[in-house]
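Coordinate inspection notes
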Amino acid sequence: KISGMADLRTLGQIVAGVVLLLHVYIVLLETVLFSSRGRRVFGLKSNEAAKIVQPAMFNQGCYNGFLVAALAIGFLHPNPVLAQAFTTYGLVCVAVAGVVGAATVKTNILFIQTVPALVALALLNV
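Quick summary incoming for the structure in this document. (Residues numbered from 1 in each chain as written. Predicted model: local features only at pLDDT ≥ 70, side-chain atom pairs only at ≥ 80, totals over all residues. Heavy atoms only, no water.)

1. Describing the overall build of the protein
Counting its secondary structure elements, the protein contains 5 helices and 0 strands. Going residue by residue from the N terminus, the α and β elements of the protein occur as α-α-α-α-α. Dimensions of the protein along its principal axes, counting C-alpha atoms only, are 55 × 30 × 20 Å. Looking at the protein as a whole, 33% of its 126 residues qualify as buried. In the protein, the proportion of contacts linking residues at least 24 apart, taken out of those at least 6 apart, comes to 53%. (Helix = DSSP H or I, 4+ residues; strand = E, 2+ residues; numbered from the N terminus. Buried < 20%, exposed > 50% of the residue type's maximum accessible area, 1.4 Å probe, protein only. Contact = heavy atoms within 4.5 Å.)

2. Section: the nonpolar core
If you look at the biggest cluster of nonpolar residues, it comprises 16 residues, and the most contacted ones within it are A16, V19, L71, L91, V94, A117 and A120. Of all elements in the fold, only α1 (2-30), α3 (47-76), α4 (80-104) and α5 (109-124) reach the threshold of two or more residues within this core. Not counting residues within four places of it along the chain, the set of residues in contact with A117 comprises V19, L91, V94 and A95. (Core = buried A, V, L, I, M, F, W, Y, C linked by side-chain atoms within 4.5 Å.)

3. Here's the deal with the environment of V24
Looking at the element boundaries, V24 is found in helix α1. On the basis of relative accessible area, V24 is assigned to the partly exposed category, the value being 34%. The spatial distance from the C-alpha of V24 to the C-alpha of A69 is 9.5 Å, given a sequence separation of 45 residues.

Have a look at this one:
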């Protein structure tokens, strides 16, 4: 049984890694790639609309960068207790941000952000 739980925790680390990489991509879309790819991904067809929301998107990208940082520290910190705390914090923040995004922007954000974060949390805490 212990081996099975370790396997689930490993799967949880993989899912947390996917959440981390997804948020690196989101940060890039909201900041340095906003004028090209980000604009298309977020469905902004007119140049005028894109210019209006670009500063807010950059700000949002900055916040997503903090989520990336928390998750990255969780993977890299040598103290396993602190690493687990950072990973848990990062995943909870991603899950909450996904709920807010689903409620205010687009429903499918719940499935892109919140569900994977909650799956990772559940697997890491078996």
